[in-house]
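# Observations on the model geometry
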Amino acid sequence: MAGRLEGSGTTTGAAGQATVGSCYGFGVTSSVPLQFVRSGSGVPLQIAEERLDDPPGSTRVALFTGHPERPFRAELRQVGGELRLQVNEEGWFGIDTGSGVVTMPPDPDEVHREERLWSYPASLCLRARRDLAVHAAAVEVAGQALVFVAPGGTGKTTLAAAFHQAGYRVLAEDISCCRVTSTPVLFPGPALLRMRPDSAERMDLTGTTVVARDQWRSHLSIDGHRRGTGDPVPIGGVILLKNSEKRDRLTPLEASVAIRNLYAMSFKLPLKEDQAWCFSEVVGLVGAVPGWQLERRRSYETLPLLVEQIVATCCPASVPGASSA
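Residues numbered from 1 in each chain as written. Predicted model: local features only at pLDDT ≥ 70, side-chain atom pairs only at ≥ 80, totals over all residues. Heavy atoms only, no water.

On to the overall build of the chain, then. Within the chain, the regular secondary structure consists of eight helices and 20 strands. In terms of overall size, the chain behaves like a compact globule, its C-alpha atoms giving a radius of gyration of 19 Å where 325 residues would be expected to give roughly 20 Å. Projected onto its principal axes, the C-alpha positions of the chain cover 60 × 45 × 35 Å. The 325 residues of the chain split such that 53% are buried. Here the analysis covers contacts within the chain between residues at least 6 apart in sequence; of these, 62% occur between residues at least 24 apart. Looking at the chain as shown, the accessible area adds up to about 14300 Å², and 51% of this sits on carbon and sulfur atoms. (Helix = DSSP H or I, 4+ residues; strand = E, 2+ residues; numbered from the N terminus. Rg over C-alpha atoms; globule rule 2.2 N^0.38 Å. Buried < 20%, exposed > 50% of the residue type's maximum accessible area, 1.4 Å probe, protein only. Contact = heavy atoms within 4.5 Å. Areas by Shrake-Rupley, 256 points an atom, 1.4 Å probe, with all protein chains shown as cover.)

Let us now look at the sheet that holds strand S17 (residues 218–222). Here three strands make up an open sheet; going across it, the order is S15-S17-S16 and the pairing antiparallel. What marks the edges here is a single partner per strand, and that holds for strand S15 (192–195) and strand S16 (208–213). Across the sheet, the mean angle separating the axes of adjacent strands is 25° when strand polarity is ignored. (Pairing = 2+ DSSP bridges. Axes fitted to C-alpha atoms, helices over the stretch in contact; angles between N-to-C directions.)

This paragraph deals with the environment of glutamine 35. Within the fold, glutamine 35 resides in the loop between strand S3 (26–30) and strand S4 (43–49). Using a relative accessible area of 6% as the deciding quantity, one classes glutamine 35 as buried. A C-alpha to C-alpha distance of 8.7 Å links glutamine 35 and proline 190, two positions 155 residues apart in sequence.

Looking now at the pairing of strand S7 (residues 82–87). The buried count for S7 comes to five of six residues, which makes it a mostly enclosed element. The loop that links strand S6 (residues 73–79) with its antiparallel partner S7 comprises two residues; one of these, glycine 80, has a positive phi angle of about 65°. Sheet topology places S7 next to strand S8 (residues 92–96); four bridges connect them, and they run antiparallel. Of the residues in S8, the one forming a bridge with glutamine 86 is tryptophan 92.

Counting buried positions over the eight residues of helix H1 (residues 110–117) gives six, a clear majority of the element. The complete set of buried residues in H1 reads Val111, Arg113, Glu114, Glu115, Arg116 and Leu117.

Next up on the list: the pattern of salt bridges. By the definition in use, this model includes 18 salt bridges. A salt bridge links arginine 84 to glutamate 82, with the shortest nitrogen-to-oxygen separation between them at 3.0 Å. Ionic pairing is found between aspartate 131 and arginine 179, a salt bridge with its closest N-O pair at 2.9 Å. Separated by 48 residues along the polypeptide, aspartate 131 in the loop between helix H2 (120–128) and strand S10 (132–141) and arginine 179 in strand S13 (residues 175–179) bring together distant segments of the chain. Through salt bridges with shared partners, a single network forms among Glu115, Lys156, Glu173, Asp174 and Arg194. (Salt bridge = Lys/Arg side-chain N within 4 Å of Asp/Glu carboxyl O.)

Here we take up the side chain of glutamate 295. Tracing the chain through its elements places glutamate 295 in strand S20 (residues 291–296). Separated by 2.7 Å, the side chains of glutamate 295 and arginine 249 make a polar contact. Leaving out residues up to four positions away in the same chain, glutamate 295 has contacts with Lys242, Ser244, Arg247, Asp248 and Arg249. (Polar contact = N/O pair within 3.5 Å; in protein donor to acceptor, adjacent residues only side chain to side chain.)

This part takes up the packing of aromatic side chains. If you walk through the whole model with that rule in mind, you get seven aromatic pairs. Between phenylalanine 64 and tyrosine 120, the ring centres sit 4.6 Å apart and the planes meet at 25°, which makes this aromatic pair stacked. Highlighted residues: phenylalanine 64 in strand S5 (residues 59–65) and tyrosine 120 in helix H2, separated in sequence by 56 residues. Tyrosine 120 gets classed as buried once you look at its relative accessible area, which sits at 19%. Ring pairs connect the aromatic residues Phe64, Tyr120 and Phe267, which therefore count as one cluster. Over the ring of phenylalanine 187 we find arginine 129; its NZ or CZ atom is 5.2 Å from the centre of that ring. (Phe/Tyr/Trp six-rings, centres within 6.5 Å; stacked < 30°, edge-to-face > 60°. Lys NZ or Arg CZ within 6 Å of the ring centre and 35° of its normal.)

The following block contains the structure:
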């Protein structure tokens, strides 16, 4: 496994922790190696390693299942004031959102474990912070974040990789952290891309390092000089992805369609108050930023032109010679 990459911002912290940088707006300290964080700081979040069990008397809060092509089972239980999360019976994460501590199970596969950390455990921490976690990729264009919302298997990571290939910064590839205010912002997530092996081989992704491979995915770490900081980026637009057999088409998105799909793709617990809060945040986000629907062919050859079309439509001020009106 590759060592920590340039730009991770590692310094010595308190209580034997290493301050490794920023992810999702958290200032991360960790007693174990992490390689996908960016430089910067944020709300304190401590990462530790400990083998935990599911003690008697715990209560199931939620059960999550994955995409049919890559099935998984994530069980969330509550033990007093702490949450326990187990994914595919691989060991329990402990999430104490009150004290800002996440405990990871021992695992020789550190890449796999860190990717798990930045999924459901991180989403639970974002929920406690009252930030919206959306199943979406995101890239930065001219200082603004474009958020690509879609379920698994729709090609949002491939599209984000195409933006990386064109020289833009990838802010997130699977979960996007949005803070909904009058001017919504996105906090960059882990600096990685997980792609189908054939996609990773076909695209020239200079500025990345392959850190792991399995039968489903090549796992690429974005190199330090392409990561940037974990500082928040204003959200310039939300783009809903949809596969199409016809030509690529980018059209304005109706608010009702945007709300319905964003709500479906947002992380929430099966609790009425949690669902009500999530819906309110989604409505606020849709009301504050423009939205588009992208019907896209699954074609590598058209990706460069598609990136240009998205930039010209969604961030016209960034195109040389474009009107600022």
